[in-house]
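Residues per chain are reported as follows:
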Amino acid sequence: MSETPSDKPLVASCEPTVLTLEPGIYWWCACGRSKEQPFCDGSHEITDIKPVKLRIADTREVALCNCKHSGGRPYCDGTHHTMKPVSSP
Ligand code: FES
Ligand code: FES
């Protein structure tokens, strides 16, 4: 059982995921609990956190935040350099 408050995200990783996304709708995991990072797998249901909708219009490379504390979420803004990883419960 995690000691993390239900409104505070876990640090899934201290590195972003860089990948190429095709046009479409994606749901970025904001809670840090998904097993399918950086995307939501429904694990947030035990928290007060909701995933963030990401709409991609044209195929492009993105760096998605895995520390879950970016100021520009869902994108990495470098904040992960100040984070420490938190083990999954
Ligand atoms: Fe993290 Fe859905 S699993 S927001
Ligand atoms: Fe979160 Fe870079 S991975 S700010």
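Keep in mind the model is a prediction, meaning the values are calculated, not measured. (Residues numbered from 1 in each chain as written. Chains lettered and ligands numbered in written order. Predicted model: local features only at pLDDT ≥ 70, side-chain atom pairs only at ≥ 80, totals over all residues.)

*Asks:* So, the overall build of the protein chain: which residues are in play, and what are the values?
*Replies:* Within the protein chain one finds zero helices and four strands. Put simply, the protein chain has 89 residues, and 27% of those count as buried. (Helix = DSSP H or I, 4+ residues; strand = E, 2+ residues; numbered from the N terminus. Buried ≥ 20, exposed ≤ 12 C-beta atoms within 10 Å, placed from the backbone.)

*Asks:* Which residues make up the environment of Lys35, and what values do they have?
*Replies:* As for its position among the elements, Lys35 is in the loop between strand S2 (24-28) and strand S3 (52-56). Remark: the alpha-carbon pair of Lys35 and Ala12, spanning 23 residues in sequence, is separated by 9.2 Å. Aside from chain neighbours lying at most four places away, what touches Lys35 is Asp41 and Ser43. (Contact = placed C-beta atoms within 7 Å.)

*Asks:* Run through the nonpolar core, naming residues and quoting values.
*Replies:* Formed by Leu10, Ala12, Trp28, Cys29, Ala30, Cys31, Cys40, Ile49, Leu64, Cys65, Cys67 and Cys76, the largest nonpolar core amounts to twelve residues. When near neighbours in sequence (up to four residues on either side) are disregarded, Leu64 contacts Pro16, Thr17, Trp28, Pro38, Pro74, Tyr75 and Cys76. (Core = buried A, V, L, I, M, F, W, Y, C linked by C-beta atoms within 7 Å.)

*Asks:* Can you break down the environment of Pro38 residue by residue, with the values?
*Replies:* Along the chain, Pro38 turns up in the loop between S2 and S3. Expressed as a C-alpha distance, the spacing of Pro38 and Pro16, which sit 22 residues apart in the sequence, is 8.3 Å. Setting aside chain neighbours within four positions, we find Pro38 in contact with Thr17, Trp28, Cys29, Leu64 and Asn66.

*Asks:* Kindly report on unusual backbone geometry, identifying the contributing residues and their values.
*Replies:* The omega torsion across Gln37 and Pro38 is 5°, close enough to zero to call that bond cis. Pro74 follows Arg73 through a cis peptide bond whose omega is 15°. Note on placement: Pro74 falls in the segment after strand S4 (60-64). Even without being a glycine, Lys68 presents a positive backbone phi close to 70°. Locating Lys68 in the fold gives a position in the segment after S4. Exposure remark for Lys68: the 26 C-beta atoms within 10 Å place this residue in the buried category.

*Asks:* Account for the environment of Asp77, naming residues and giving values.
*Replies:* Relative to the helices and strands, Asp77 is located in the segment after S4. The sequence separation of Asp77 and Leu64 amounts to 13 residues, and the corresponding C-alpha distance is 9.1 Å. Contact partners of Asp77, with chain neighbours within four places excluded, come to Ser70, Gly71 and Gly72.

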